[in-house]
Amino acid sequence: MEMKGCRLLVVDDEALIRSSLREIFEYEGCVVEEAADGKKALALLQKNAYSAVFCDIKMPGMDGMELLEKAFALQDIPFIMVSGHGDIETAVDCIKKGAFDFIEKPLDLNRILVALKNALDKENLVAKTRHLQKQVDARYRIVGSSGTFGQALDMADKVAPTDARVLITGENGTGKELIARRIHQKSRVGNGAFVEVNCAAIPSELIESELFGHEKGSFTSAVKQRKGSFEQAQDGTLFLDEIGDMSLAAQAKVLRALQERNIMRVGGEKPISVNARVIAATNKDLQAEIAAGRFREDLYHRLSVIVIKVPPLREHSSDIPELVSFFMEQLSSSMGRTAPALSADALQYLSVQPWKGNIRQLRNLIERLLILCPGTITKQEIEKYL
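Source: prediction; values computed, not measured.

Caption draft 1: Main features of the overall build of the protein. Counting its regular elements, the protein contains 16 helices and 14 strands. Looking at the protein as a whole, 44% of its 386 residues are labelled buried. Here the analysis covers contacts within the protein between residues at least 6 apart in sequence; of these, 70% occur between residues at least 24 apart. Accessible surface computed for the protein: about 20000 Å², of which carbon and sulfur atoms make up 50%. Distance between charge centroids for the protein: 4 Å, based on 50 positive and 53 negative side chains.

Structure follows, in structure tokens:
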């Protein structure tokens, strides 16, 4: 991150130190404010936002350590602590209390600029991470809560804080993955990884390697060791999507992993302990699959401590206006456009459609309309492009 234009606060009871730091930072294009003691600095921090603070430790009245603690209650800001009585114990104490860096006097120009650059880079990275997290949150946001769909959300919220395994059923496009992510985010392992495996998309001969990993040389293309999805989801959530399409051989190995809480990599010799919460989903009737001999009944009972049925969109059509509004705003924003108007008869027409592809079909239609219809979206245009 460039230093130019950054707003800095220099806190030191020595006027010469303050003026020296001001001179250095203003030469780099920064905007600099000064405070001769902790009390004045705290007043400035209550009124203004700063990119970083350079703060002396030993000051009369409120010292730098006390200011550091009080400042963090106001805003998350990089503090670079400065001291003429530096020792390892003081430096460690500063870092423990949240300081970004610690510099000893006499001050070295290069050391000061490197510390500032690193602090700004960190803040820039944090800001980007927050922005990306907002985008991810928007992508997986659940819209609507009426009828049986609201009941499915309530059940998801009740089971989320527990360790119970969950089986999510429902037609394609109903939002099963969103429900799984909601359970993960509200669970005790919500800060851990959410690892998704689409069991229908992976060939049966590769599913074992995908789930359990493999050792180098265990088969022709195994040029290096690879961790499987169970290990990647350690202390997080493993989402087995379309579990009904998994081969019987793979089902047996998943059942063993769930029973024993350990796995064996392909070509491996030692069991590996795994601790991942497992959520499964399917669009198939697993009871019918069990009767047909295509799904193991014992695995079904392992996975289905709680069963959440996500209803098709036609069963909670009162959510359609909210869904349409959400998709219009989200997709228009991604296209760099203002969301167009939708006529009343168009919205009414959307609300009575069967939506065999469910929410996914509705989203695709909205995207199609935004691309092909320049003005107000009418019923006639929906009939044309549905």
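Next comes the rest of the account.
Caption draft 2: Seen up close, the sheet that holds strand β2 (residues 31-35). Ordered by their spatial adjacency, 5 strands build an open sheet running β2-β1-β3-β4-β5, and the pairing between neighbours is parallel. Where the open sheet ends on each side, the last strands, each with one partner, are β2 and β5 (101-104). Along the sheet, successive strands turn relative to each other by an average axial angle of 20°, direction set aside. For strand β1 (residues 7-11) and strand β3 (residues 52-56), the ladder comprises 4 bridges, and the chain directions are parallel. When the bridges of β3 are listed, Val11 appears paired with Cys55.

Caption draft 3: Geometry of the pattern of salt bridges. This structure, assessed with the given rule, holds 25 salt bridges. Residue Arg265 is joined to Glu231 by a salt bridge in which the shortest nitrogen-to-oxygen separation is 2.9 Å. Of the two residues, Arg265 is situated in the loop between β11 (262-263) and β12 (272-273) and Glu231 in helix α9 (residues 229-232); the sequence distance between them amounts to 34 residues. With a relative accessible area of 13%, Glu231 lands in the buried category. One salt bridge in this structure joins Arg363 and Glu367, with 3.5 Å as the shortest N-O distance. Pair noted here: Arg363 and Glu367 are both in helix α15 (residues 358-372), with a separation of 4 residues, about one helical turn. Within the structure, one salt-bridge network assembled from shared partners comprises Asp12, Glu14, Asp56 and Lys105.

Caption draft 4: Fine view of the packing of helix α13 (residues 320-334) against helix α14 (residues 344-351). Interaxial distance between α13 and α14 falls to 9 Å at its minimum, and their mutual angle equals 115°. Read as a crossing pair, α13 and α14 show a hand that is right-handed. Of α14, the residues touching α13 (which contributes Ile320, Pro321 and Val324) are Leu347, Leu350 and Ser351. Residue composition of the contact of α13 with α14, by class: 5 nonpolar, 1 polar and no charged.

Caption draft 5: Local environment of the sheet that holds strand β10 (residues 237-241). An order of β7-β10-β13-β6-β14 is seen for the 5 strands of this open sheet, with the pairing classed as parallel. Looking at which strands have only one partner, the edges of the open sheet turn out to be β7 (194-198) and β14 (306-309). Taken over all neighbouring pairs, the strand axes of this sheet differ in orientation by 20° on average, direction set aside. Across the sheet, helix α6 (residues 147-159) touches β6 (166-169), β13 (277-282) and β14, and the angle it forms with β14 is around 155°. Each of β6, β7, β10, β13 and β14 is contacted by helix α7 (residues 176-185), which is oriented at about 155° to β6, the strand it contacts most.

Caption draft 6: Focus on the packing of aromatic side chains. Applying the stated criterion across every chain yields a total of 5 aromatic pairs. When the ring centre of Tyr140 is taken as origin, the NZ or CZ atom of Arg181, which lies over that ring, is 3.8 Å away.

Caption draft 7: Representation of the nonpolar core. Counting residues in each nonpolar core, the largest one holds 30 residues, and the members touching the most others are Leu211, Phe230, Leu238, Leu240 and Ile243. Every element with two or more residues in this core is listed here: β7, α8 (207-212), β10, α10 (248-260), β13, α11 (286-291) and α12 (297-303). Considering each element in turn, this core owes the most residues, 5 residues, to α10. Excluding residues that lie within four positions of it along the chain, Leu211 makes contacts with Val197, Gly228, Ser229, Phe230, Leu240, Met246 and Val254. If you look at the next biggest cluster of nonpolar residues, it comprises 24 residues, including Leu9, Ala35, Ala41 and Phe79.

Caption draft 8: Structural detail: helix α3 (residues 64-72). Taken together, the buried positions of α3 are Gly64, Met65, Leu67, Leu68 and Ala71. For α3, the angular spread of the buried residues around the axis is 160°, confining them to a single face. Tucked inside the fold, the buried residues of α3 contact β1, α2 (38-47), β3, β4 (79-83) and α4 (88-96).

Caption draft 9: Region of interest: the pairing of β13. Most of β13 sits inside the fold, with 6 of its 6 residues counted as buried. With 4 bridges connecting them, β10 and β13 associate as parallel partners. When the sheet's bridge partners are listed, Phe239 is paired in β13 with Ile279.

Rules used throughout
- Throughout this description, residue numbers start from 1 for each chain and increase along the sequence as written.
- With the structure being a predicted model, the display of local features is reserved for residues of pLDDT at least 70 and the display and counting of side-chain atom pairs for 80 or more, all residues being used for whole-chain, interface and lining totals.
- Each side-chain value is derived from all of the structure's non-hydrogen atoms; neither hydrogens nor water enter the calculation.
- Think of it this way: any DSSP run of H or I at least four residues long counts as a helix, any run of E at least two long counts as a strand, and we number them from the N terminus.
- Whether a residue is buried, partly exposed or exposed follows from its accessible area with a 1.4 Å probe, protein chains only, as a fraction of its type maximum: under 20%, in between, or over 50%, in that order.
- Should any heavy atoms of two residues lie within 4.5 Å, those residues are counted as being in contact.
- Note on areas: these come from Shrake-Rupley sampling with a 1.4 Å probe, and a residue is covered only by the protein chains present in the view.
- When charges are counted, Lys and Arg contribute as positive and Asp and Glu as negative, whereas His and the chain ends are disregarded.
- Every charge is mapped to an atom, namely NZ of Lys, CZ of Arg, CG of Asp or CD of Glu.
- DSSP-based pairing: two strands are paired if at least 2 bridges between them are found.
- Helix axes are fitted to C-alpha atoms over the stretch in contact, other axes to C-alpha atoms as well, and angles between N-to-C directions run from 0 to 180 degrees.
- In what follows, salt bridge is the name for a side-chain nitrogen of Lys or Arg lying within 4 Å of a carboxyl oxygen of Asp or Glu.
- Throughout, a crossing is termed right-handed when the near helix is turned clockwise from the far one, and left-handed when it is turned anticlockwise from it by less than a right angle.
- When residues are grouped by polarity, Ala, Val, Leu, Ile, Met, Phe, Trp, Tyr, Cys and Pro land in nonpolar, Asp, Glu, Lys and Arg in charged, and all others, Gly among them, in polar.
- Between 30 and 60 degrees the pair is tilted, below 30 it is stacked and above 60 it is edge-to-face, where a pair is any two Phe, Tyr or Trp rings, Trp via its six-membered ring, whose centres lie within 6.5 Å.
- By the criterion adopted, a ring carries a charge over it if an Arg CZ or a Lys NZ lies within 6 Å of its centre and within 35 degrees of its normal.
- We define the nonpolar core as a collection of buried residues of types Ala, Val, Leu, Ile, Met, Phe, Trp, Tyr and Cys that are connected through side-chain atoms lying within 4.5 Å of one another.
- The reported arc concerns the directions from the helix axis to the C-beta atoms and nothing else.

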